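The residues making up each chain are set out below.
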Amino acid sequence: ITFWSNGFSVDDGPLRDTSDPANASFMRDINEGRLPSELSAEEGAESDVHLIDKSGEPYKPPPATLKPFGGEGRTMRDEASSSSSAAPPPEAAELVLDESQPTTTLQVRLHDGSRKLVKANHSHTVAQLQAHVAALTPGVSFELRGGFPPKPLTPSADKTLKEAGLLSESIVQSTC
């Protein structure tokens, strides 16, 4: 029990007013040296009560204790956007590099965990990159993700690798 200049508190609980009639029996028991009935354990059991005198200070509520995360978890994989039926694997075709054009090197992490370095022109499209990855993993339905944080790459947009912001990026293949 901690006594403050403006009341008392029990076990870091809320401030209670000493002049409140609801606390009269509690204060009477304390003043008579008896254990207040609301603190007594089972009949005949001993209780240990500590009195703390902070009567020179006003009541300060204890700091709020933080609870561990209690929310709902989500995976980094976007389950909501994937359809229930697997998409057919894209047409496979190797990239043809034109050395006279600007080039970039992409690191492609395949679904099996292996990594491939792919050299491509800035003008190659996302669809061509997807076709090249399909040639590396024949018969596998997959989705490509790139950038940070990784976002699905849509080959239907026909963006070039430069327009899609994928120059020198790491690309991840995940199965559907």
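Scroll up to find the structure this text is about.
Our subject in this report is the structure included herewith. (Residues numbered from 1 in each chain as written. Predicted model: local features only at pLDDT ≥ 70, side-chain atom pairs only at ≥ 80, totals over all residues. Heavy atoms only, no water.)

Looking at the pairing of strand E6 (residues 142-146)
Here is the rule we go by: Partly exposed describes any residue whose relative accessible area lies between the buried limit of under 20% and the exposed limit of over 50%, with all areas from a 1.4 Å probe on protein chains only and scaled to the type maximum. Strands are runs of DSSP state E lasting at least two residues, helices are runs of H or I lasting at least four, and both sets are numbered from the N terminus onward. Strands are treated as partners if at least two bridges between them are detected by DSSP.
Within E6, four of the five residues are buried, which leaves the element mostly enclosed by the surrounding structure. Of the strand pairs in this sheet, E6 and strand E8 (residues 170-175) are connected by five bridges, and their pairing is antiparallel. Residue pairing for E8: Gly-146 is matched across the bridge by Ile-171. Here two bridges tie E6 to strand E7 (residues 151-152), and the two strands are oriented antiparallel to one another. Across the sheet, Gly-146 pairs through a bridge with Lys-151, a residue of E7. In this structure, the hairpin formed by E6 and E7 is closed by a connection of four residues, where Gly-147 is found at a positive phi of approximately 85°.

Some words on the sheet that holds strand E3 (residues 52-54)
We apply this condition: Interaxial angles span 0 to 180 degrees and are taken between N-to-C directions of axes, which are lines fitted to C-alpha atoms, for helices over the stretch in contact.
Reading across the sheet, the three strands line up as E2-E1-E3 and stay open at both edges, with mixed pairing between neighbours. Every interior strand has two partners, whereas the edge strands, strand E2 (7-9) and E3, have only one. The sheet shows a mean angle of 20° between the axes of neighbouring strands, taken without regard to direction. The pairing of strand E1 (residues 2-4) with E2 spans three bridges and is classified as antiparallel. The residue bridging Thr-2 from the neighbouring strand is Ser-9, located in E2.

Examining the pattern of salt bridges
Applicable threshold: Take a side-chain nitrogen of Lys or Arg and a carboxyl oxygen of Asp or Glu: if they are within 4 Å of each other, that pair is a salt bridge.
As enumerated under the stated definition, the model contains five salt bridges in all. The partner of Arg-34 in a salt bridge is Asp-29, with the nearest N and O atoms 2.8 Å apart. Relative accessible area serves as the criterion here: at 12%, Asp-29 is assigned to the buried category. One salt bridge connects Arg-145 with Glu-143, and the closest N-O pair in it is separated by 3.4 Å.

Let's talk about the nonpolar core
Rules: Joining through side-chain atoms within 4.5 Å is the link that ties buried Ala, Val, Leu, Ile, Met, Phe, Trp, Tyr and Cys residues into a set, and such a set is a nonpolar core. Contacts are assigned to residue pairs with any non-hydrogen atoms lying within 4.5 Å of each other.
The biggest cluster of nonpolar side chains holds 17 residues, and the ones touching the most others in it are Leu-129, Val-133, Leu-144 and Ile-171. Broken down by secondary-structure element, the contributors of at least two residues to this core are strand E4 (103-109), strand E5 (115-121), helix H2 (126-136) and E6. Element by element, the count of residues in this core is highest for H2, at four residues. What Leu-129 contacts, discounting residues up to four positions off in sequence, is Leu-95, Leu-106, Val-118, Leu-144, Leu-161 and Ile-171. The next biggest cluster of nonpolar side chains, apart from the first, holds seven residues, and it includes Phe-3, Phe-8, Val-10 and Ile-30.

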